[in-house]
Amino acid sequence: MPADTVFTLGELAGRLGATLRGEAGTLVTGLATLQEAGPDQLSFLANAQYRKFLASTQAGGVLLTVAEAEHYAGTALLVDDPYLAYARASHLFETCPPAAAGIHPTAVVAESATVDASASVGPGVVIEADAQIGPGVVLGAHCFIGARSRIGANGRLAPRVTLYHDVIIGERVVIQSGAVLGGEGFGFANQKGVWQKIAQIGGVRSATTSRSAPTPPSTAARFRTP
């Protein structure tokens, strides 16, 4: 969503499945904590230790359970789980710019690779032979997609993500910058003081709808999965 996204409290209540107690026409431009929220921001109370800030908050509306709302005289959106509702609301104010479909001129794509027409391939991306990039996938600048790797629909790889060969990524998976999947591990066999490297002959598979931590340790693939 653009940075100037605005909703009324009535609209937010409808989108979040909340019961609104207060003025439906109040405009909301973002989210903030109870301590920092202003009249045009939505806040939430999900932890009892922050209840002390409820009486003094300047928030235009607060996501609350019915029980907590009994102690609050201001505008409230009543929900079963305020933190879950906050998580859902955060996507309504997402400022990440949409990626344009297409392949950047500086990307290097193998002839045998398959890239869906709706995918976005950023500057400097390398896609090796027989890799498959699904619908709606976004590959940030300088990502590397190894041979025979597959990325499911609506996956998003931030800049400089590396997938070695035979990595399979499910649908709607988000991988943060610097992550390396399918890299070599630390397998060695010792014969009379001489170390013999163990080949990494497997591939890595990621679950559908998952999200990697920023710059996680490399994920190795020693054995091939069926």
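Judged by nonpolar contacts, the single largest core of 23 residues is most densely connected at Ile 127, Leu 139, Ile 145, Ile 151, Leu 157, Leu 163 and Ile 175. Grouped together as the second largest cluster of nonpolar side chains are 16 residues, Leu 42, Phe 44, Leu 63 and Phe 93 included.

Positionally, Asp 166 belongs in the loop between strand S18 (162-163) and strand S19 (168-169). A relative accessible area of 13% means that Asp 166 is categorised as buried. Only 2.8 Å separates the side chain of Asp 166 from the side chain of Arg 148, close enough to count as a polar contact.

Turning to the packing of helix H1 (residues 9-16) against helix H3 (residues 82-92), a few remarks are in order. The N-to-C vectors of H1 and H3 enclose an angle of 120°; their axes lie 10 Å apart at closest approach. Accordingly, the angle class assigned to the pair H1 and H3 is oblique. Crossing angle aside, the handedness with which H1 passes H3 is right-handed. Contact residues: Leu 12, Arg 15 and Leu 16 in H1; Ala 85, Arg 88, Ala 89 and Leu 92 in H3. Considered class by class, the residues forming the contact of H1 with H3 number five nonpolar, no polar and two charged.

Looking at where Ala 46 falls in the secondary structure, it is placed in the loop between strand S5 (41-44) and strand S6 (61-64). Sequence separation between Ala 46 and Tyr 83 is 37 residues, and the spatial gap between their C-alpha atoms is 5.5 Å.

In this section: unusual backbone geometry. Even without a glycine there, the phi angle at Asn 154 is positive, about 65°. As for its position among the elements, Asn 154 is in the loop between strand S16 (150-151) and strand S17 (156-157). Overall, the relative accessible area of 48% leaves Asn 154 in the partly exposed class. In the Ramachandran plot, Arg 172 falls in the positive-phi region, its phi being about 60° despite a non-glycine side chain. Inspection of the secondary structure puts Arg 172 in the loop between S19 and strand S20 (174-175). The exposure class assigned to Arg 172 is partly exposed, which follows from its relative accessible area of 40%.

We now examine the confidence of the model for the chain. On average, residues of the chain carry a pLDDT of 88, and 86% of them reach 70 or more. Considering only residues more than four positions removed or in separate chains, one finds that residues 215-226, a stretch of pLDDT under 50, has 41 contacts.

Moving on, we get to the packing of aromatic side chains. Going through the model one piece at a time under the given rule, you end up with five aromatic pairs. Consider the rings of Phe 44 and Tyr 83, whose centres lie 5.8 Å apart with planes at 50°: the pair is tilted. With Phe 44 in strand S5 and Tyr 83 in helix H3, this pair connects stretches of sequence that are 39 residues apart. When its relative accessible area of 52% is taken as the criterion, Tyr 83 is described as exposed. Here Phe 44 and Tyr 86 contribute two aromatic rings whose centre-to-centre distance is 4.3 Å and whose plane-to-plane angle is 25°, an arrangement assigned as stacked. With a gap of 42 residues between them, Phe 44 in strand S5 and Tyr 86 in helix H3 connect regions that are remote in the sequence. Ring pairs connect the aromatic residues Phe 44, Tyr 83 and Tyr 86, which therefore count as one cluster.

Reading the values: rules and limits
Residues numbered from 1 in each chain as written. Predicted model: local features only at pLDDT ≥ 70, side-chain atom pairs only at ≥ 80, totals over all residues. Heavy atoms only, no water. Core = buried A, V, L, I, M, F, W, Y, C linked by side-chain atoms within 4.5 Å. Buried < 20%, exposed > 50% of the residue type's maximum accessible area, 1.4 Å probe, protein only. Helix = DSSP H or I, 4+ residues; strand = E, 2+ residues; numbered from the N terminus. Polar contact = N/O pair within 3.5 Å; in protein donor to acceptor, adjacent residues only side chain to side chain. Axes fitted to C-alpha atoms, helices over the stretch in contact; angles between N-to-C directions. Parallel < 35°, antiparallel > 145°, perpendicular 65-115°, else oblique. Left-handed = near helix turned anticlockwise from the far one by under 90°. Contact = heavy atoms within 4.5 Å. Nonpolar A, V, L, I, M, F, W, Y, C, P; charged D, E, K, R; others polar. pLDDT = per-residue confidence, 0-100. Phe/Tyr/Trp six-rings, centres within 6.5 Å; stacked < 30°, edge-to-face > 60°.

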